Every structure is written in structure tokens, then in C-alpha cells.
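Now for the letters of each chain:
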Amino acid sequence: MSTTSPVPAAAEPIASPAKKQPVNIVCIGMAGSGKTTFMQRLNAHLHAAKEPPYIVNLDPAVKNVPFDRNIDIRDSVNYKEVMTQYNLGPNGGIMTSLNLFATKIDQVIGILEKRADSLTRVLVDTPGQIECFVWSASGAIITDALASTFPTVIAYVIDTPRTAQPATFMANMLYACSILYKTKLPMILVFNKTDAHDAEFAKEWMTDFEAFQTALRASEENGDDEAIGGSGYMGSLLNSMSLMLDEFYNHLDLVGVSAMTGAGIDEFLKAVDGKVEEYEKDYKPEMEKARAKREEDKVKNKQKELDRLMKDLAVGKKEEQADVISDLDTDDEDNQGMVERDEDEVVNEQDEETLQKRYEKALGDSGSRSTKEEEESLQRYLQKSQG
Ligand SMILES: Nc1nc2c(ncn2[C@@H]2O[C@H](COP(=O)(O)OP(=O)(O)OP(=O)(O)O)[C@@H](O)[C@H]2O)c(=O)[nH]1
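One numbering rule holds for all chains: residues counted from 1, following each sequence as written. Note on the predicted model: pLDDT of at least 70 is required for a residue's local features to be given, and 80 or more for side-chain atom pairs to be given and counted; whole-chain, interface and lining totals, by contrast, use all residues. Each side-chain value is worked out from all heavy atoms of the structure, with water and hydrogens disregarded.

The protein goes by GPN-loop GTPase in an unreviewed UniProt entry, where it is assigned to Pyronema omphalodes. UniProt positions are given in the numbering used here, feature names are shortened, and annotations may be inferred rather than shown by experiment. UniProt, in the comment section headed Sequence similarities (unreviewed entry), describes the protein in these words: "Belongs to the GPN-loop GTPase family." According to UniProt, the comment filed for the protein under the heading Function (unreviewed entry) is "Small GTPase required for proper nuclear import of RNA polymerase II (RNAPII). May act at an RNAP assembly step prior to nuclear import."

Quick look at the structure:
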């Protein structure tokens, strides 16, 4: 794990003058962790520093957003209407609204690209129902689109007072871990509400395995409400998980903030700077490698499909020949079981060649369909189902 203070390089400006690329900061966090308040604070802070951010709201169900948004999902999708029309519950409504919004992501990216020169930071607020965003296809489409346009950092906002017990801390870390591996983007753990509970314990538990074990034992002995109930199995599970998560902690920055008072916001911005460097150095090449591999696999699969088709064709032909032999056996008694060359065979070879070409063309057509085209097709489908 790295905290912000020992990283002097993080004081560099987010985008070097040569690149002038803004950074996307995607705020993810459980309901009530303080995402909206954190964004409000960040917005006020950046306005005061004369670096106003560009704000995107992706929470269709939020009632009041206490700051101006440049792009708001609620302007294009009516969450209540979606619930009624599709007969959905609250979570289904959020997911369908995100699906519908994902159909417009190209337009959103187009807007961001056009304004790139004047932007420094794009703040993205997401629904409190994390799984609706992180584990949905549309969430992945949106984060992928953002991450392939500008450096993108995930700010995972955590309710510090509610994470102060070893068991709840571990549960939250596992969630953060799943988000990190799902999005494959640099992540900062934002321990919010430090005015109510200091985040030092988290730094300690993430760097000192024994400190976590001691806290776990103390929590059991004290019979804390959220302790694990003295179960030996659960205790050893938590211990093993904390060991397992050690490697995961190395990939994270931890910042304690108070969205209420504004404490820690500068440290957070420094951590973002550090993560942008990491994005350029580690994540971007990985993303490009993954994209190149997808393309390579597509070509390989195309060849495999073609081989399979041609093999099927050869089997079909053999079966056809077998039929011909039996026909000859019965119809032509003079040839005594010998198979004479069929006059049509040359034509068949030509047919086969033409067929192979047609297969190649068909596979070529489908193989060359880019992910973008596939996404567009999804979008067309969604638009159609919207009516
Ligand atoms: N003490 C304290 N309370 C905070 C802080 N940040 C947010 N809160 C409170 O936490 C509650 C939830 O804050 P929100 O900003 O609405 O949380 P959210 O994550 O956006 O919630 P959802 O929209 O439901 O996902 C509110 O009552 C806030 O006043 C903080 O830094 N300190």
C-alpha cells in the first residue's frame, strides 16, 4: 500500500503541458459513503483553485445533486418512467437506465474530446448501488470508453466510521479488490468522514498484518456489535484474507478525507496525480496489450472456424461419395465395384473453391466487425427496445 505523503513525484501537474490530457475521476462507493458530498467538496475546492472540473452524473435515481452538472444521465433517461414502462424494481430501473445511457456514450466521449484542451478533471458520480454500475455491461462499456479516451482513476469512497471494525474493514477491502480487478484501473481508497473517525487504523492494518490480527482478537474479546461472534473458522478466514490481500494493498493509495470539512482534499488530488503516472506507465500499456490480444484472438478464431467448416465440408463430400459407390454397385453391374471418376468432379472442386472463398468472405466480414460495431449494434438493440 502507498499513502500520498511519501510520493514527492505526485506533486507534478496532472497533465504535462505537452499532453494536456484531462483525467477522469470516477467516484464509486456504497450508498451513504458520502460520494455526492465528496464530489461537492471537490467541486468547490477546484473552483476556488480556478480549475473548475467537468461534472458527469451517472446516478439516475439521485433526487438532488447539490452542484451543477455538465452531463446528467437524468436529462436523457427518466428513471421513474423506465421502472414503470419495463415493470422494474429500483435496481432494475437503475441498470436499465444505465443501459440506455450507454447507447449515448459515444456522444459523451465526443463532447469530452472536443473540450479536452480546456478540461483538467472530469468528475464522474455513480449510483450508490455499486453492483448496478461495476458489475453491469453498461458500467463496463462506460468505464472502458472513458479509460480509452483519457487517463482514468477510480476513487473508491469508504465510510470510515462504518469500516472501523476488522470484519467490516475486511468486507470493504474485498469489495474494493473486486472493483479493482473488474475495472482494471488505478484506484485510490478515499476514507471519508475522518471528522467523525480517524483513518489511521486503516493505514496501520494495510501495512502491518500483525496489527490487524491484534485488532481482530480485541474485537472478538470485546464482543463488538460487528465482530465475528467468536467463531474460530471466521477468525482464521479473516486472518488468511488479510494475508492474501497484502499484495492487493500494494496497488492502492489510501487517503483520509472529510467531505464535510474539506480536510485531505489536497492529498487526494496529489494521489490522483500519482495514479495518472501509474496509468500511463502500467495500465495503459496493459490495456493496449489486452486490446491487441483480443484482435489477434479474433483472427485466430476466424482461421479455426474456417478450418472447421472446410473439415465439415470434406466429411460431407466423403459421405456423398459413399452414397455414389452404393448407387454404382446396384445400378452398374459392369464396373464390378470399381469407382470410376465422376465427370462432375472437376466442377465439384471448383464449387469447393468458390465455397471456401465464400466462407472466407463471410468470416472475414464478421471477423472484421470491431468491438465498436458490436457495441453500436447493442446500442441499436437498446434503442429499439426503448421504443
Ligand atoms: N460526518 C460526516 N458526514 C458526512 C461526510 N460526507 C458525507 N456525510 C454524510 O453522509 C451522508 C451520505 O452522504 P451522501 O453524500 O449523500 O452519500 P452518497 O454516497 O452520495 O449516497 P448515495 O447517493 O445514497 O449513494 C449524508 O448525511 C452526509 O451529510 C463527512 O465527511 N463527514
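With respect to the packing of aromatic side chains
What describes a pair of aromatic rings is the distance from one ring centre to the other and the angle between the planes of the rings. Only centres within 6.5 Å qualify two rings of Phe, Tyr or Trp (six-membered ring in Trp) as a pair; their planes then separate them into stacked at under 30 degrees, edge-to-face at over 60, and tilted for everything else. For the structure on display, the rule yields seven aromatic pairs. Ring geometry for Phe201 and Trp205: centres 5.0 Å apart, planes at 70°, overall edge-to-face. Separated by four residues within a single helix, Phe201 and Trp205 lie in helix α9 (residues 200-207), roughly one turn from each other. Assigned by exposure class, Phe201 and Trp205 land together as buried. In this structure an aromatic cluster arises from ring pairing among Phe169, Phe191, Phe201, Trp205 and Phe212. Runs of H or I in DSSP of at least four residues are treated as helices and runs of E of at least two as strands, each being numbered from the N terminus. When accessible area is computed with a 1.4 Å probe and restricted to protein chains, residues below 20% of their type maximum are described as buried, those above 50% as exposed, and intermediate ones as partly exposed.

Things to note about the side chain of Asp125
Structurally, the position occupied by Asp125 is in strand β5 (residues 121-125). Just so you know, the count uses Lys and Arg for positive and Asp and Glu for negative, and it drops His and the chain ends. We define a salt bridge as a side-chain nitrogen of Lys or Arg found within 4 Å of a carboxyl oxygen belonging to Asp or Glu. Buried and unpaired, Asp125 has no salt bridge, with Lys35 as the nearest side chain of opposite charge at 5.4 Å. Not counting chain neighbours up to four residues away, the residues in contact with Asp125 comprise Cys27, Lys35, Thr36, Met39, Val56, Asn57, Leu58 and Asp59. Contacts: residue pairs with any heavy atoms within 4.5 Å of one another.

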